[in-house]
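One letter stands for each residue in the lines below.
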Amino acid sequence: MNYQVILDFWFNEKTQPLWFAKSDEFDQLILKNFKNIHQQAAQAELWKWRDTTEGRLAEIIVLDQFSRNLYRDSPKAFAQDALALALAQEAIHLGLDQKLTEDYRKFLYMPFMHSESKIIHEQALKLFQDLGNPINLDFEIKHKVIIDRFGRYPHRNAILGRESTAEEIEFLTQPNSSF
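Residues numbered from 1 in each chain as written. Predicted model: local features only at pLDDT ≥ 70, side-chain atom pairs only at ≥ 80, totals over all residues. Heavy atoms only, no water.

## A closer look at the overall build of the protein
The condition is simple: Helix and strand assignments come from DSSP, with helices taken as H or I runs of at least 4 residues and strands as E runs of at least 2, each series counted from the N terminus. Accessibility here uses a 1.4 Å probe with only protein chains present; expressed as a share of the type maximum, an area under 20% marks a residue as buried, one over 50% as exposed, and anything in between as partly exposed. By definition, residues are in contact when any of their heavy atoms lie within 4.5 Å. Here the open area of atoms and residues is found with the Shrake-Rupley method and a 1.4 Å probe, where only the protein chains shown may cover a residue. Asp and Glu count as negative and Lys and Arg as positive, but His and the ends of the chain are not part of the count. Think of each charge as sitting on NZ of Lys, CZ of Arg, CG of Asp or CD of Glu.
When its secondary structure is counted, the protein shows nine helices and zero strands. Listing each helix as α and each strand as β along the protein from the N terminus yields α-α-α-α-α-α-α-α-α. For the protein, the spread of C-alpha atoms along the three principal axes comes to 45 × 35 × 30 Å. Here the protein holds 179 residues, and 47% of them are scored as buried. Intrachain contacts of the protein at a sequence separation of at least 6 include 58% that bridge at least 24 residues. Approximately 9,400 Å² of the protein is accessible, and the part contributed by carbon and sulfur atoms is 51%. Side-chain charges of the protein comprise 21 positive and 26 negative groups, with the mean position of each set lying 2 Å from the other.

This is the structure in structure tokens:
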């Protein structure tokens, strides 16, 4: 499969409203069409895609976004986060992010937002500030506040088999406590 298939699918106007929605139908569509390519990405077999900026972005989308659709409510949803983040960090180090449109860049930066590292969120905040999209910046700030407070996302605890603290349990009863 060519990386352009990923980009055409992900940035299609019919797909965009589903980007951050919980939809069994959308999850099944990704499962049907992209499970095999996801497995290849998870095994770092798509390294040739990294020859182009857009190919690298497609690999990051497969690892970061498709993982969440394919394995919703499972530890596998987060299993590729480190690889997606490393690829995004390298792309930024090489200045490749500056070659992308705003819509593309926000998905290059998304692994930073998904990280459970305070250090990574310092960088994420700067990236999303520089991106100049107030909606994306607001979401990064909301994510960063949770990481700064807990050092992790409490809404992942049950999925990842982590024990929640009393403070986290209380937090999870509040609106906007999970994404």
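Having seen the model, we can carry on.
## Some points on the environment of K48
In this structure, K48 sits in the loop between α2 (24-42) and α3 (53-70). Between the C-alpha atoms of K48 and Y3, which are 45 residues apart in sequence, the distance is 9.9 Å.

## Digging into a nonpolar patch on the surface
In plain terms, the rule: Like-charged residues within 9 Å of one another, or nonpolar side chains (Val, Leu, Ile, Met, Phe, Trp, Tyr) within 5 Å, are grouped into patches, provided each residue has over 30% relative accessible area and no salt bridge. The rule for a salt bridge is simple: a side-chain nitrogen of Lys or Arg has to be within 4 Å of a carboxyl oxygen of Asp or Glu.
A cluster of nonpolar side chains, namely I135, F139 and F179, defines an oily patch on the protein surface of about 300 Å² accessible area. Here F179 is to be found in the segment after α9 (166-171). Residue F179 is classed as partly exposed on the basis of its relative accessible area of 41%.

## A word on the side chain of E140
To be explicit about the condition: Pairs of N or O atoms within 3.5 Å make up the polar contacts considered here, provided that, within protein, one atom can donate a hydrogen while the other can accept it, and that residues adjacent in sequence are counted only when both atoms are side-chain atoms.
Mapped onto the fold, E140 is located in helix α7 (residues 134-150). Despite its burial, E140 pairs with no opposite charge, the nearest such side chain being K144 at 6.6 Å. Within the structure, E140 has its side chain in polar contact with the side chain of H121 (distance 2.7 Å). Not counting residues up to four positions away in its chain, the partners in contact with E140 are M113, H121, A124, L125 and F128.

## Side note on the domain arrangement of the protein
Bring the parts together and some accessible area is lost; that lost area is often taken as the interface size. Our working rule: Delimitation of the domains relies on an automatic or database domain assignment. Here the buried area means the combined drop in accessible surface, using a 1.4 Å probe, for two parts upon being joined, counting both sides.
For the protein, the assigned domains are domain 1 (1-112) and domain 2 (115-178). Domain 1 and domain 2 are separated by 20 Å when their C-alpha centres are compared. Contact with domain 1, which involves 16 residues of that partner, is made by 14 residues of domain 2. The junction of domain 1 with domain 2 conceals about 1,400 Å² of combined surface from both sides, 66% of it contributed by carbon and sulfur atoms. Three residues stand out in domain 1 for area buried against domain 2, namely F78, Y109 and F112, and they jointly supply 43% of the buried area on that side. Our count for the domain 1 to domain 2 interface comes out at one salt bridge. Close ionic contact of R156 with D81 constitutes a salt bridge, the shortest N to O distance being 3.9 Å. Inspection of the domain 1/domain 2 interface yields three residue pairs in polar contact (both at pLDDT 80 or more).

## Some details on the pattern of salt bridges
All chains considered together, the criterion is met by 15 salt bridges. For the salt bridge of K22 with D73, the shortest nitrogen-to-oxygen distance reads 3.5 Å. On the criterion of sequence distance, the pair formed by K22 in the loop between α1 (3-10) and α2 and D73 in the loop between α3 and α4 (81-93) is long-range, its members being 51 residues apart. The salt bridge partner of R152 is E168, with a shortest N-O separation of 2.7 Å.

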